[in-house]
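Coordinates in review
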Amino acid sequence: MPGKSRTEREALERQNAAIMAVFERAGFDQIAPDIIQPADIFLERSGEDIRARTFVFTDPSGAEMCLRPDLTVPACRYHLSHAANPQAEKRYCYLGPAFRFPDELLSPQEFTQAGIEWFGAKEAIAAEARVLKLTISALEAAGLTRFRVTFGDLGLFAGLLADTDMPERWRRRLQHHFWRPHAFRELLESFCAARASRRTSISALVDRINDGNALALVEAELDTRKLPFVGGRDVTEIAARLEEKAADRRETPLDRAKADTINAYLAITGDASSIDAELKTINGGTRYAAARDYFSKRLFEMEELGLNPRRFHFAAGFGRDLEYYTGFTFQIEADTPLGSIAVAGGGRYDNLLSDMGSARPVSAVGCAIHTDRLKAVLA
Amino acid sequence: MSTITIAIPSKGRLMEAAAELLAKAGFSIERLGADRGYRGVLKGIENVEVAFLSASEIAQNLRDGKIDLGVTGEDLLREKISADDKACDVLVRLGFGPADVVVAVPECWLDVATMTDLDEIAESFYERHGRRLRVATKYHNLTRRFFAEKGVTGYRIVESLGATEGAPAAGIAEIIVDITTTGSTLAANSLKILDDGVILKSSAVLAGRTAVLDDPRVIRLRAALSTMA
C-alpha cells in the first residue's frame, strides 16, 4: 500500500531508533550519505539482481546517475571524500532510504536501510565477529527473538583456488565467475577437458596460430576479407587474445581430482558445529590451511563475544549473489509462520574501496538491516 | 456483455498483415469516427472494439491492462512483458513478420565467437580502455535478461532509437542488440552475429491478458486465427 500513516511511520521510527542506539553506543558515527549517486559502481559491482533493479537516469550533463539501491557504496564514497587518510580506522553507521524496482516478491521500491561500515579495522577477525554481534544485538533491540544465522567465507574458496595448480588466467576467470554458479561449473569443466572441446566459428583461425604469428595473421585476415576496423579494440588486443586462446589449448588440462575437490568444497553446507571436521576433509594446500585457521579463530572470537556460532548455519557457496564480498559473509533470517525472511546481511568487502578509486587498499566490514521488512516481521 | 478491446498496429506491414488475417478468419475491421481514425469495431463478433496503436505501445498497454488483446511483434512484447509474467500470454503465433533479435559484434573481432568470449574480453577491455563495452539497443530488458543468463556482466547499455546497426561504425557503441531478418544489414555494416547470440526468434503474435482467456469471444478469435496462421 502506498505511503505510511502517522502510526506506521512512528512505529518504524521507534524501531529504527532502537537499532541506531545500539550502533551509536558501540562508537559508530552516524552519517548521511547522498541519495543520488553516480551509477557506475553499483552497476559494475553489485550483482545482477541489484543491477537490474536500480533506478538509473541521466543528468543534464549526460552523466549516468541513480537512486542508491543500498547504502554501502554511498558510505564508501562518503569515506573516500571525507577521510584525510582513508586507510585510518573509521566506523560509521547510517539510516536512510534506498530504492529498487520491485521484484517478483513485490518488495517495496523504497525502503529504509540501517547499517554500519567499519573501515581499516586493526584486528580483522575481531571486527568481523563484532559486526555480526552488533547486527544481532540491533535486531534484538528492535524486538526480534526467533532468527537463524547463515554464514560463508569466500577466503576459504580463494585459498583453495590459490592452492590448485593451473594457469593464473584460469584462476582469474574462475574467480570472476564465482558469482554465477552455472557459468562457474561449465568453465571448470572446460578446463578439465581443455583442448578444443567445443568448436566455434573462430576455432579454424585459432588452429592456425603458432608462436608469435597472431598479429600477422590478424592483419592478413582483416586485409583479405576487407574488414573495416570498428569497435574500439586494436589489432594487438585481438591478436593477444587469440594467442591466449591457442595457449589454452596447449595447456595441460586441469586434474579432474582437483576440480572435484573444488566442487566438493562448494557443496559443503550444514550446522557450524560439524563444519570444522568437514572443512578438514577437503584436500587443499597451505593457503587453504591458513584460511581454515582464520575461520577457526573467527569462531573463537564469536564465542568470546557471547555468540554461539555452533548453532549457526554454514554454506560454502553462500554469498554468491553479492558480488563485492571478499571474505566473511552472513545473513540473518527471521523465523516467521510464513517461513524464513531475510532481514539483515553483511560481510567483508576489501576490494570495493579500491574499485571505487582508492589509491591504497582499505579493509571494510559492514552490515545492513532491511528495517521495513523487519517491521513487517515483528508486527 | 462488456466490450473487449483488441489492438492492431496502426500502420505499416504489420497492420496490413493483421487486418488481412482477421478478414480471412471472418472478422473485418470497420474504422469509426469522423476521420476514420484510431478506433474501430470488429465485424462478425459481438462487442469487440479495435484500437489502432503503434506496435510498441500495444505491449505496454497490454501490460497496463488498458487493452485485452493485441497483435504485435514478439520482440516488442517480450521487451515489455517477461515470459514469466503471468498476467499476459502469447495466444497465437501468426506466422508473419519473422525476425530474430540478435547480439552482433564487429566482424573484425576475429577472437570473438560466443557470449563467453564477450564476457572474457569485457574485463580486459575495461582494463585497457578504462570504460565498459557499450551495447547499443532499444531492447534494454531483453538484453539484460539474456546477458545475465549467459553470465556476461561487464557491459553498459546505450539507448538507440534507430539505425542501431550503425552504432559501432559511428563509435557510439561496440556491440549491438537488434532485430534482423536476413542479416544483410548487419553484413553491410561489417557486423557478425555471435554463435550463441540469438536472443529471440520473433514473429507477429496475438497476445492477451490471462484474465480474458475464458471469454467466449477470445476463445473464438483464438481458434479462428490458429487455423489461419
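About the thresholds
- Residues numbered from 1 in each chain as written.
- Chains lettered and ligands numbered in written order.
- Predicted model: local features only at pLDDT ≥ 70, side-chain atom pairs only at ≥ 80, totals over all residues.
- Helix = DSSP H or I, 4+ residues; strand = E, 2+ residues; numbered from the N terminus.
- Contact = placed C-beta atoms within 7 Å.
- Buried ≥ 20, exposed ≤ 12 C-beta atoms within 10 Å, placed from the backbone.
- Expected span 1.5 Å × (residues − 1).
- Arc of directions from axis to C-beta.
- Axes fitted to C-alpha atoms, helices over the stretch in contact; angles between N-to-C directions.
- Parallel < 35°, antiparallel > 145°, perpendicular 65-115°, else oblique.
- Left-handed = near helix turned anticlockwise from the far one by under 90°.
- Nonpolar A, V, L, I, M, F, W, Y, C, P; charged D, E, K, R; others polar.
- Pairing = 2+ DSSP bridges.
- Domains from an automatic or database assignment.
- pLDDT = per-residue confidence, 0-100.
- Core = buried A, V, L, I, M, F, W, Y, C linked by C-beta atoms within 7 Å.

Comments concerning the overall build of chain B
Tallying secondary structure elements over chain B gives eight helices and 12 strands in all. Oriented by its inertia axes, the alpha-carbon framework of chain B measures out at about 65 × 35 × 30 Å. A fraction of 68% describes how many contacts in chain B between residues 6 or more apart in sequence connect residues 24 or more apart.

Quick notes on the overall build of chain A
Of the regular secondary structure elements, chain A holds 16 helices and 12 strands. If you line up chain A on its principal axes, its C-alpha atoms span 75 × 60 × 45 Å. In chain A, buried positions account for 37% of the 379 residues.

A closer look at helix H8 (residues 216-228) of chain B
All names here are of chain B. End to end, H8 covers 19 Å across 13 residues, agreeing with the expected 18 Å (1.5 Å per residue, within 8%). For H8, the complete set of buried residues consists of Val218, Leu221 and Leu225. Along the axis of H8, the buried positions cluster into a sector of 65°, meaning they face one direction only. Seen from the open side of H8, the exposed residues pointing more than 90 degrees away from its buried face are Pro216, Ala223 and Thr227. Packed against the buried residues of H8 are strand E1 (4-9), helix H1 (12-24), strand E5 (69-73), strand E6 (88-93) and strand E12 (204-209).

Overview of the packing of helix H6 (residues 154-163) of chain A against helix H14 (residues 286-304) of chain A
Residue and element names in this part refer to chain A. Packing of H6 against H14 brings their axes to within 7 Å, and their N-to-C directions diverge by 165°. In terms of orientation, H6 lies roughly antiparallel with respect to H14. The chirality of how H6 crosses H14 is left-handed. Across the interface between the two elements, Gly155, Leu156, Gly159, Leu160, Ala162 and Asp163 of H6 pack against Thr286, Arg287, Tyr288, Ala290, Ala291, Arg292, Tyr294 and Phe295 of H14.

Description of the interface of chain B and chain A
On the chain A side, the residues contacting the 22 residues of chain B number 25 residues. Of all elements in the fold, only strand E7 (99-106), helix H4 (115-129), helix H5 (140-149) and helix H6 (167-170) of chain B reach the threshold of two or more residues within the side of chain B that touches chain A. Ranked by residues supplied to the side of chain B that touches chain A, first place goes to H4(B) with five residues. Tallied by class, the residues present in the side of chain B that touches chain A amount to 11 nonpolar, four polar and seven charged.

Some remarks on the sheet that holds strand E11 (residues 191-202) of chain B
Residues and elements named next belong to chain B. Strands sit in the order E9-E8-E10-E7-E11 across an open sheet of five strands; the sheet is mixed. The strands lining the two open edges of the sheet, one partner per strand, are strand E9 (155-159) and E11. Shown here is a sheet whose adjacent strand axes are inclined to one another by a mean of 25°, direction ignored. Inspection of the sheet shows E7 paired to E11 by seven bridges, in the antiparallel sense. Bridging across to E11, Ala99 finds its partner in Ser202. Across the sheet, H4 touches strand E8 (133-137), E9 and E11, and the angle it forms with E11 is around 120°.

What to know about the domain arrangement of chain B
Residue and element names in this part refer to chain B. Here chain B is partitioned into domain 1 (4-98 + 203-228) and domain 2 (99-201). Once you take the C-alpha centre of each, domain 1 and domain 2 turn out to be 31 Å apart. Considering only residue class, the side of domain 1 that touches domain 2 consists of one nonpolar, two polar and four charged.

Quick look at the confidence of the model for chain B
In the predicted model, chain B carries a mean pLDDT of 90, and the fraction of residues at 70 or more is 97%. As a predicted assembly, this complex carries a pTM of 0.78 together with an ipTM value of 0.82.

Observations regarding the nonpolar core
Counting residues in each nonpolar core, the largest one holds 78 residues, and the members touching the most others are Phe23(A), Ile116(A), Leu139(A) and Ile369(A). Considering every element that reaches this core, the biggest residue donor is helix H5 (residues 124-141) of chain A, with eight residues. Each of two domains, domain 1 (6-150 + 317-378) and domain 2 (168-255) of chain A, supplies a minimum of three residues to this core. Once residues lying within four places of it in the same chain are set aside, the contact partners of Phe23(A) are Phe28(A), Cys93(A), Ile116(A), Leu134(A) and Ala138(A). With 42 residues, the next largest nonpolar core counts Ala239(A), Val101(B), Met115(B) and Phe146(B) among its residues.

Concerning the environment of Ala359(A)
Residue and element names in this part refer to chain A. Mapped onto the fold, Ala359 is located in the loop between helix H15 (352-355) and strand E12 (364-370). For Ala359, a count of 10 C-beta atoms within 10 Å translates into the label exposed. A sequence separation of 272 residues divides Ala359 from Gln87, and the C-alpha atoms of the two residues are 10.0 Å apart.

Focus: unusual backbone geometry
Residue and element names in this part refer to chain A. Positive phi, normally seen in glycine, also occurs at Lys226, with a value near 50°. Residue placement: Lys226 occurs in the loop between helix H10 (214-224) and helix H11 (235-250). Overall, Lys226 belongs to the exposed group, with 8 C-beta atoms counted inside 10 Å.

Regarding the pairing of strand E10 (residues 175-180) of chain B
Residue and element names in this part refer to chain B. Most of E10 sits inside the fold, with five of its six residues counted as buried. Judged from the three bridges that link them, E8 and E10 form a sheet pairing that is parallel. Residue pairing for E10: Thr137 is matched across the bridge by Val177.

Digging into the domain arrangement of chain A
For chain A, the assigned domains are domain 1 (6-150 + 317-378) and domain 2 (168-255). For domain 1 of chain A and domain 2 of chain A, the distance between their C-alpha centres works out to 39 Å.

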